Amino acid sequence: MSGAITPANERLSRPLDSIDIPHKKISKICCIGAGYVGGPTCAVIAYRSPDVTVTIVDLNQARIDAWNSDNLPIYEPGLEEVVKAVRGKNLFFTTDVDTSIREADLVFVSVNTPTKKSGVGAGYAADLGWVESATRHIAKVSTSDKIVVEKSTVPCRTAVSMRKILDSNGKPGCKFDILSNPEFLAEGTAIKDLLAPDRVLIGSLDTPAGRSAAASLADVYANWVPRERVITMNLWSSELSKLAANALLAQRISSINALSAICEATGADVDEVSYAVGLDSRIGPKFLKASVGFGGSCFQKDILNLVYLSESLHLPDVAEYWRQVVEMNESQKRRFTQRVISSLFNTLTGKRLAVLGFAFKKDTGDTRESAAITLIKYFRQEQAKIALYDPKVEASQIWYDLAEPGVVDDATAVKKQVTLCESAYEAAKGADAIIICTEWDEFKDTHLDYQKLYDVMNKPAFVFDGRLILNQKKLEKIGFKVECIGRSRLEETFE
Ligand code: NAD
Ligand code: UDX
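(A) Looking closely at the sheet that holds strand β14 (residues 481-484). In spatial order, the strands read β11-β10-β9-β12-β13-β14; together these six strands make up an open sheet with parallel pairing. Taken across any chain shown, the strands that pair with only one partner, and hence form the sheet edges, are β11 (418-420) and β14. Each neighbouring strand pair of the sheet contributes to a mean axis angle of 20 degrees, computed without reference to strand direction. Relative to strand β12 (residues 433-436), strand β9 (residues 352-356) runs parallel, the two being bridged by four bridges. Among the inter-strand pairings, V355 is bridged to a residue of β12, identified as I435.

(B) Seen up close, the packing of helix α7 (residues 158-169) against helix α10 (residues 235-266). Two elements in contact, α7 and α10, have axes whose closest approach is 9 Å; the angle formed by their N-to-C orientations is 125 degrees. Judged on the interaxial angle alone, α10 and α7 are oblique. Within the contact between the two elements, α7 uses T158, A159 and V160 and α10 uses L235, W236 and E239. Tallied by class, residues from the contact of α7 with α10 come to four nonpolar, one polar and one charged.

(C) Region of the structure containing the environment of R48. Summarising the element assignment, R48 is placed in helix α2 (residues 38-48). Placed 176 residues apart in sequence, R48 and W224 show a C-alpha to C-alpha distance of 6.3 Å. If we ignore the near neighbours within four places in the chain, the residues touching R48 are L195, N223 and W224.

(D) A look at the site of ligand 2. Not every one of the 20 residues close to ligand 2 is listed here, only the nearest: L185, E187, S291, K361 and R467. One nitrogen or oxygen atom from the main chain of K289 is found 2.9 Å from a nitrogen atom belonging to ligand 2. Residue G295 places a main-chain N or O atom 2.9 Å away from an oxygen atom belonging to ligand 2. Protein chains bury 91% of the 670 Å² of accessible surface belonging to ligand 2 in isolation. The element best represented in the shell around ligand 2 is α10, accounting for four residues.

(E) Summary view of the site of ligand 1. Inspection of the region around ligand 1 gives 25 residues, with D58, R63, T113, E187 and K301 positioned closest. Here Y36 contributes a backbone N or O atom positioned 3.0 Å from an oxygen atom of ligand 1. R368 places a side-chain nitrogen or oxygen 2.9 Å from an oxygen atom of ligand 1. In isolation ligand 1 has 830 Å² of accessible area, and contact with the protein removes 91% of it. A per-element tally of the shell around ligand 1 places helix α6 (residues 129-141) first, with three residues. Grouping the amino acids of the shell around ligand 1 by side-chain chemistry returns nine nonpolar, nine polar and seven charged.

(F) Structural view of the pairing of β9. Most of β9 sits inside the fold, with four of its five residues counted as buried. Crossover handedness for the path β9 to helix α14 (residues 371-381) to strand β10 (residues 385-389): right-handed.

(G) Fine view of the state of the cysteines. Tallied over the full model, the rule gives zero disulfides. No disulfide involves C31; its nearest neighbouring cysteine sulfur is the one of C42, lying 3.6 Å away. Since its relative accessible area comes to 0%, C31 is described here as buried. C156 forms no disulfide, and the closest cysteine sulfur to it belongs to C298, at a distance of 17 Å.

(H) Region of interest: the pattern of salt bridges. Evaluation of the coordinates by the stated rule reveals 26 salt bridges. Its salt-bridge partner being E183, residue K151 comes within 3.0 Å of it at the nearest N-O pair. A residue pair is termed long-range when its members are at least 10 positions apart, and K151 in the loop between β5 (146-150) and α7 and E183 in the loop between β6 (176-180) and α8 (190-195) qualify at 32 residues. Here K151 matches E183 in class, with each residue buried.

(I) Inspection of the packing of α10 against helix α13 (residues 316-343) at higher detail. Running from N to C, α10 and α13 point in directions that differ by 40 degrees, and their axes come no closer than 9 Å. Considering the angle they form, α10 stands oblique to α13. As for how α10 packs across α13, the hand of that crossing is left-handed. Of α13, the residues touching α10 (which contributes A247, L248, A250, Q251, S254, N257, A258, S260, A261 and E264) are Y321, W322, V325, M328, N329, Q332, R335 and R339. Of the residues assigned to the contact of α10 with α13, the class counts are nine nonpolar, six polar and three charged.

(J) Representation of the pairing of β6. β6 sits mainly inside the fold: five of its five residues count as buried. Here β6 shows a buried face lined by F176, I178 and S180 and a second buried face lined by D177 and L179. Chirality of the crossover, the property in question, places the unit of β5, α7 and β6 among those that are right-handed.

(K) Summary view of the side chain of S260. Among the secondary structure elements, S260 is positioned in helix α10. Leaving out residues up to four positions away in the same chain, S260 has contacts with V270, A290, Q332, R335, I485 and G486.

Reading the values: the criteria
Residues numbered from 1 in each chain as written. Chains lettered and ligands numbered in written order. Predicted model: local features only at pLDDT ≥ 70, side-chain atom pairs only at ≥ 80, totals over all residues. Heavy atoms only, no water. Pairing = 2+ DSSP bridges. Helix = DSSP H or I, 4+ residues; strand = E, 2+ residues; numbered from the N terminus. Axes fitted to C-alpha atoms, helices over the stretch in contact; angles between N-to-C directions. Parallel < 35°, antiparallel > 145°, perpendicular 65-115°, else oblique. Contact = heavy atoms within 4.5 Å. Nonpolar A, V, L, I, M, F, W, Y, C, P; charged D, E, K, R; others polar. Near = heavy atom within 4 Å. Polar contact = N/O pair within 3.5 Å; in protein donor to acceptor, adjacent residues only side chain to side chain. Areas by Shrake-Rupley, 256 points an atom, 1.4 Å probe, with all protein chains shown as cover. Buried < 20%, exposed > 50% of the residue type's maximum accessible area, 1.4 Å probe, protein only. Right-handed = clockwise from strand over helix to strand, strands pointing away. Disulfide = S-S within 2.5 Å. Salt bridge = Lys/Arg side-chain N within 4 Å of Asp/Glu carboxyl O. Left-handed = near helix turned anticlockwise from the far one by under 90°.

Any functional reading would require information beyond the geometric quantities listed.
Below, the structure written as structure tokens:
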């Protein structure tokens, strides 16, 4: 088949259960890091592997308490059902890191790896401080052999550093095997993704010990993932594949967002363009939805990481290529803001903007790198008043994000300009414009009564659809002036 990728080496194409190598059965797993990845991933492992005891540990007592309560620290469809089914049976949450590591056969390192804020590589490189301290901790407290698994997204060759730390700090007689097992779940669909992954990737050294460790981990996934979806490869390919997957996904969004700018200037409709190009099976329909810009804790961080890696490898053209994906994303947010300003008669001063959505995408309460944070910053700089509503994000998180250094200098000024609302209706009262930042289903015109919103707004009443979730014609019939990403209002001038 033309264009198909064939495995580069024999191991890739060999189903794992034919790796005829003795390997240990895993009965106890420790997961370091009870965050967006560690929590759902290991909850699903416990749910699908009744013979395995899974303990998720974190240094953050409040987070662990929340995992042990009825109010989980993460909003994720289906998560509560999974946790409630196994918590206290074969799934445990604790801050007793030492005991959990000591008892485990296999330890997932699922800690945060944010972009460095200062020092060498600031703004690009991943901060591996948490990975290093978790690795040192494993070395320090382990009294038996462990399989140590990189679950966090890390730069290529991080396993080398982990190996050195473990070898030079471990107790004599303790053997550590390192695997890379990057996580591909997306927030909002994490449980669905984990229960039926496109693939599970396990990277190991191509040595008997490495392959044996990979086979042990593969057996755990085999409790619910078809064997052919569990693929093994070398450690470095596995580490790089995670960065590559995120870079390619984000690149598609920046590509369609770049095209959305052309659509707005020409009268083409970006949704129609996406549909047309996505029907080509070589392109496919996913990740072609134009938006106010991608957010989330991964895309920007991982591309910047790739940029840093490229620069470190003396590949400036490669670095520049990937940097543009992030730059396009920033430009999309600036362009959207400019459209709001120019539509609202070139001034936002004193105007009330009803901002709907603060999470970086629907079905999550996560706000990391959410486009809404940047947009609200820009609107504030134009002296607008913001009335904000999001169905899931906690008020404390919103204030934290809006007052972050780099977003604002004076945190007290934020509260004078931003009001948090309990509903879209409350936000729309007296507003000049509604701005859709997150594609929550409840913001669609099939769920929300836009006539009711229109009635309480200043006129002319504008809607800016940054997510392409609204029926433009329906809203125009009500009387709204509707501005959508990737669509111009040129047809008006043709009529
Ligand atoms: P997170 O910040 O939600 O969770 C990390 C947790 O690790 C925190 O609760 C922190 O307290 C804990 N921690 C840090 N150091 C520790 C230590 N030494 N001992 C015990 N606990 C410790 O981060 P996340 O979103 O879960 O991401 C974790 C990793 O997974 C990152 O590398 C990220 O890039 C990657 N990843 C994230 C996603 C996603 O959608 N969020 C998807 C795939 C991969
Ligand atoms: C991403 C990857 O999809 C996942 O595989 C990886 O493990 C972690 O990073 P996540 O960030 O949770 O997952 O969500 P994703 O669905 O990828 O969306 C990221 C951002 O892109 C969101 O802001 C979303 O709204 C935006 N997006 C997504 C678009 O603007 N258009 C699209 O077509 C798809």
